[in-house]
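Listed here are the chains, written in short residue letters.
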Amino acid sequence: MKVIVCAYVTYAFGSLFIGSGVSLATTLENFTFLYGMIPTSSAPLIFCAQYAPETSGLVATAILSGLVLAGPMMYGAAFFLENADLDMAAVLANVVLTTMVVSVICGIVVITLIAYMFRAWGCGNEQRTLLLSYALVVLVYDALTIAISIEPGNMGCTEFRVRNGWSTM
């Protein structure tokens, strides 16, 4: 929650204090938004362990959730804020392509781990088979999305739409 709320609060305060007469107003406002997205450090966990040790697990989970949520959001925000004057559809296509490549890599790791666990688990359980099937479907979906996506630098989104969504594949 801090990652989302603080980004907008710091942006609002930045806009209020910077004013409109400054030549770098947009750049400074974008910086305040990105700065507000920085996740919480582990300092609250230290205070929690000292003053309320029974809630340490909950605080650690919240900090880890914030870190997991902040990574993709900061990547996307930095990408869009850096390229604010470019064609956002092309920028978004690059972000989707990058996300899909990372997803395929992670999917291969997950399927490999599940395959190793099947040796210990066995294949008789329907839930385990469903888990492996789901991982395989997600991996195939990501691979197909990469295969039919717009190639960066070869074709713009406008040409893609003119061709009614048909890629070179």
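Residues numbered from 1 in each chain as written. Predicted model: local features only at pLDDT ≥ 70, side-chain atom pairs only at ≥ 80, totals over all residues. Heavy atoms only, no water.

Colleague: Hey, could you go over the overall build of the protein for me, with residue numbers and the actual values?
Modeller: Assigned secondary structure in the protein consists of 7 helices and 0 strands. Put simply, the protein runs from its N terminus to its C terminus through helices and strands in the order α-α-α-α-α-α-α. Going through the 169 residues of the protein one by one, you find that 23% of them count as buried. (Helix = DSSP H or I, 4+ residues; strand = E, 2+ residues; numbered from the N terminus. Buried < 20%, exposed > 50% of the residue type's maximum accessible area, 1.4 Å probe, protein only.)

Colleague: Could you give an account of the packing of aromatic side chains, with specific residues and numbers?
Modeller: Enumeration over the complete set of coordinates arrives at 4 aromatic pairs. Ring centres of Tyr-11 and Phe-33 lie 6.2 Å apart, and the angle between their planes is 90 degrees; on these two criteria the pair is classed as edge-to-face. Placement of the pair is Tyr-11 in helix H1 (residues 2-18) and Phe-33 in helix H2 (residues 25-36), with a sequence separation of 22 residues. Using a relative accessible area of 32% as the deciding quantity, one classes Tyr-11 as partly exposed. Of the aromatic side chains, those joined through ring pairs into one cluster are Tyr-8, Tyr-11 and Phe-33. (Phe/Tyr/Trp six-rings, centres within 6.5 Å; stacked < 30°, edge-to-face > 60°.)

Colleague: With reference to specific residues and values, describe the packing of H2 against helix H4 (residues 56-82).
Modeller: It is at 10 Å that the axes of H2 and H4 come closest, and there the two elements cross at 170 degrees. With respect to their mutual orientation, H2 and H4 come out roughly antiparallel. Between H2 and H4, the contacting residues are Asn-30, Phe-33 and Leu-34 on the first element and Met-74, Ala-77, Ala-78 and Leu-81 on the second. (Axes fitted to C-alpha atoms, helices over the stretch in contact; angles between N-to-C directions. Parallel < 35°, antiparallel > 145°, perpendicular 65-115°, else oblique. Contact = heavy atoms within 4.5 Å.)

Colleague: Account for the environment of Ile-146, with residues named and values stated.
Modeller: Structurally, the position occupied by Ile-146 is in helix H6 (residues 126-148). Taking the relative accessible area as the measure of exposure, Ile-146 reaches 28% and is therefore partly exposed. As for Ile-146 and Met-100, which are separated by 46 residues in sequence, their C-alpha atoms are 6.5 Å apart. With residues up to four places along the chain from it excluded, the contact list for Ile-146 reads Leu-97, Met-100, Val-101 and Val-104.

Colleague: I'd like a rundown of a nonpolar patch on the surface, residues and numbers included.
Modeller: On the surface, Ile-4, Val-5, Tyr-8, Val-9, Phe-13, Leu-16, Phe-17 and Leu-69 cluster together to form a nonpolar patch covering roughly 810 Å² of accessible area. With 7 residues, H1 is the largest single contributor of residues to the nonpolar patch. Here Val-5 lies in helix H1. Val-5 sits in the partly exposed class, given a relative accessible area of 38%. (Patch = residues over 30% accessible without salt bridge, like charges linked within 9 Å, V, L, I, M, F, W, Y side chains within 5 Å. Areas by Shrake-Rupley, 256 points an atom, 1.4 Å probe, with all protein chains shown as cover. Salt bridge = Lys/Arg side-chain N within 4 Å of Asp/Glu carboxyl O.)

Just geometry here; none of it tells us what the structure is for.
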